[in-house]
Amino acid sequence: MLNIAVLVSGGGSNLQAIIDALEGGVITNAQIRLVLSSNPKAYALERAEKHNIPHQVLARKEYDNSLEYSNDILKIMQEREIDLIVLAGFMTVLQGELLNTYKNKIINVHPALIPSFCGDGFYGLHVHEKVLEYGVKLTGATVHFVNDVTDGGAIILQKGVEVKNGDTPETLQKRVMQQAEWIILPKAVDLIANGRVEIRGNRAYIKE
Ligand code: GRF
């Protein structure tokens, strides 16, 4: 049984997708042992509450820097014996020993097709604003392992989404969530929980 912690900062729609996939049997061999939010007001916390999932706030604002924050996250993950950390709309960059201890055990969903529209400054709506500004016809989402490079870890899954005429950043974000993020993030969790993701070098491969 894979013990998962889901780290959140906002609405929690990706957390909800994981919860629904667990309850619907789309994800097997896994359970959410903790939801941890960097934001005390995150609606994601209410989603955890509704599904009786243990949850806590570790407010990023109470820390001077990301390193101290990351170190305290590591302590909590070890206390709770977490096997996989899932970043689902989590808006803080993780650093330090946490990334070593949990090497290839932290995954993130990014709302674009890495290596496009990613890296520092590319998060939330900003991603979709840049996609529309550039005029690409296909965007999508990526689930990848987390390392010390923002959006730089090995790619696990990607799914394309069509950009439509008249799209706004908001309509595009919603489509990318519905048609990509909410599908590939739970899928990646299930693949990992069932031992079907193999890392060779800095590439991830899905075992059939
Ligand atoms: C989404 O755009 C997601 O791609 C990004 O964070 C945003 C909010 O996600 N990672 P959520 O609704 O809080 O899961």
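In what follows, the structure referred to is the one given above.
We now turn to the structure provided with this report.

What counts, and at which threshold
In every chain, residue numbers begin from 1 and rise along the written sequence. With the structure being a predicted model, the display of local features is reserved for residues of pLDDT at least 70 and the display and counting of side-chain atom pairs for 80 or more, all residues being used for whole-chain, interface and lining totals. Hydrogens are left out, water is left out, and the side-chain values use all remaining heavy atoms of the structure. Salt-bridge detection follows one rule: a side-chain nitrogen of Lys or Arg within 4 Å of a carboxyl oxygen of Asp or Glu. Where helices and strands are cited, they refer to DSSP runs of H or I of at least four residues and of E of at least two residues respectively, numbered from the N terminus. For every residue, the accessible area obtained with a 1.4 Å probe (protein chains only) is divided by the maximum for its type, and the residue is called buried under 20%, exposed over 50%, and partly exposed between those limits. By definition, residues are in contact when any of their heavy atoms lie within 4.5 Å. The pairing test for Phe, Tyr and Trp rings, Trp by its six-membered ring, is centres within 6.5 Å, and the orientation test on the planes gives stacked under 30 degrees, edge-to-face over 60, and tilted for anything in between. Geometrically, a lysine NZ or arginine CZ counts as sitting over a ring once it is within 6 Å of the ring centre and also within 35 degrees of the ring normal.

## Focus on the pattern of salt bridges
And step 1. Scanning all chains against the criterion turns up six salt bridges.
And step 2. Across the pair Asp 72 and Lys 75 runs a salt bridge, and its minimum N-O distance is 3.0 Å. In this pair, Asp 72 and Lys 75 both sit in helix α3 (residues 66–79), three residues apart, roughly one turn of the helix.
And step 3. According to the relative accessible area criterion, Lys 75 is partly exposed, its value standing at 48%.
And step 4. As a salt-bridge pair, Asp 167 and Arg 175 come within 2.8 Å of each other at their nearest N and O atoms. As far as the burial class goes, Asp 167 and Arg 175 line up, both buried.

## Considerations on helix α1 (residues 13–23)
Owing to its 3.6 residues per turn, the α-helix aligns residues three or four sequence positions apart on the same side.
And step 1. By the criterion of burial, α1 is predominantly enclosed, with eight of the eleven residues buried.
And step 2. All buried positions along α1 are accounted for by Ser 13, Asn 14, Leu 15, Gln 16, Ala 17, Ile 18, Ile 19 and Ala 21.
And step 3. Here the buried face of α1 lies against β1 (2–8), β2 (30–37), α2 (43–50), β4 (84–87), β5 (106–110) and α6 (169–193).
And step 4. Positive backbone phi, at 80 degrees, marks Gly 25, one or two positions downstream of α1.

## Quick notes on the packing of aromatic side chains
Any aromatic ring pair is given by two values, namely how distant the centres are and how the planes are angled relative to each other.
And step 1. Applying the stated criterion across every chain, the model contains two aromatic pairs.
And step 2. Ring geometry for Phe 117 against Tyr 134: centres 6.2 Å apart, planes inclined by 80 degrees, an arrangement best described as edge-to-face. With Phe 117 in the loop between β5 and α5 (125–134) and Tyr 134 in helix α5, the pair connects residues that are 17 residues apart, well separated along the chain.
And step 3. Relative accessible area serves as the criterion here: at 66%, Tyr 134 is assigned to the exposed category.
And step 4. Positioned over the ring face of Tyr 69 is Arg 60, at 5.7 Å from the centre of the ring.
And step 5. Sitting over the face of the ring of Tyr 205, Arg 200 holds its NZ or CZ atom 4.0 Å from the ring centroid.

Honestly, it's all geometry; don't read function into it.
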